[in-house]
Amino acid sequence: MKVTLAVLSPILIGLLILLLMYVISVSQGNDPFQFGTQAQSSSDTSASSGSSTPDYGDDYWPDTEGKNLACDAEPDMKVVSVESVGNDLVVTVLVTPSDDCESGTTTTLDDDATRVTLRDSGGDTVADAVFDFSSDMQTIPAKGKRIKLSYAPTQFYRPATELEQTFQDDPAELIVKYVYAAASGSGASTSTGPSSQSGALGGKSASDDEAEQDACNALQWQVAQDKSKASGFMSTYTTQLSSKRQGMVIDGKTWSCRDILAHFITLRDKHPNVLLIWSGDWPTYDANPTKYYVIISGESFGSTDDAWNWCHSNGYGQVDCLPVNLE
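This report concerns the structure included in the present document. If you're wondering where the values come from, they're calculated on a predicted model, not measured in any experiment. (Residues numbered from 1 in each chain as written. Predicted model: local features only at pLDDT ≥ 70, side-chain atom pairs only at ≥ 80, totals over all residues. Heavy atoms only, no water.)

1. Digging into the state of the cysteines
Piece 1. Per the counting criterion, the structure on display carries 3 disulfides.
Piece 2. Between the sulfur of Cys-216 and that of Cys-257 lies a disulfide, 2.1 Å long from S to S. Judged by the sign of its S-S torsion, about 90°, the cystine formed by Cys-216 and Cys-257 is right-handed. Here Cys-216 is found in helix H4 (residues 209–230), whereas its partner Cys-257 is found in helix H5 (residues 257–270), with 41 residues between them in sequence. This pair shows no difference in class: Cys-216 is buried, exactly as Cys-257 is.
Piece 3. Here Cys-311 engages in a disulfide with Cys-321; their sulfurs sit 1.9 Å apart. Across the S-S bond of Cys-311 and Cys-321 the torsion is about -65°, and the bridge reads as left-handed. (Disulfide = S-S within 2.5 Å. Helix = DSSP H or I, 4+ residues; strand = E, 2+ residues; numbered from the N terminus. Buried < 20%, exposed > 50% of the residue type's maximum accessible area, 1.4 Å probe, protein only.)

2. Some words on the pattern of salt bridges
Piece 1. Following the criterion strictly, the structure yields 6 salt bridges and no others.
Piece 2. Here Asp-128 ties to Arg-115 by a salt bridge, and the two come within 2.6 Å at their closest N and O atoms. Placement of the pair is Asp-128 in strand E5 (residues 125–131) and Arg-115 in strand E4 (residues 114–119), with a sequence separation of 13 residues.
Piece 3. On the basis of relative accessible area, Asp-128 is assigned to the buried category, the value being 1%.
Piece 4. We note a salt bridge from Asp-259 to Lys-253, for which the minimum N-O separation is 3.3 Å.
Piece 5. By relative accessible area, which is 21% here, Asp-259 ends up partly exposed. (Salt bridge = Lys/Arg side-chain N within 4 Å of Asp/Glu carboxyl O.)

Spelled out as structure tokens, the structure:
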């Protein structure tokens, strides 16, 4: 009996050791009795992974972080300032990529005939010109970019100083309408050269039926605005500086509404009290059946002699300046 116990003791000890190893191995997620199967499984898993998701390296998926992607959608424009500079109107526009573009994208202004029209809240055009961005390409980042556009006197429809005063508190009240690749007849041709204000892009004058109608509308608007002030010259003298109508030919020049309006704006810049009237509204012009847009200086004089003296002192001849009252 002693001999049997002596022989069995090492066997029992060995079994206990194996049992302990098995418990430890199972607790670690391994099965010590499946030698070879684990290695095969690992190999199969690696092969399976390689066939479904190949390793193409770090450059396979494009890294767009920090990069500006281009967007072809037309950008958004908002007026942020309006200035009277010399005889011109300089408008600063904030250009941003369209809301239709993905976040972080850029857009480009590079067309050679982009017509930019500014309108007030009532829909009346106050400025209109065609700009060539092909020679001054503008890349617009995601955060936007400010661009200065300069309008010459034949390209805006109210005195620049008046526009500056009207919109200085809230320039964004001006509505921007723009058309890329404006074809001939839609604003691409020019009647005057571009403005050349420093740091601003000048445009060509739009010269189509729409632009002429806008100018005619602007003349009527100005007449209505100035009528109350003009009534003060029913009993006193002022001076008449111009008398024109659409289609009138003088020295080979056919006057358009745009020409008449530009002349008024130029004289208003020179003489701040200048007013625009329609001759048909005032008794002094009743004898002439043909009606005109008349520009008066808005200066008040007690006699015709005083009025003539003002004409002479300002360099006007008798053809260009004469005393008048509106009664």
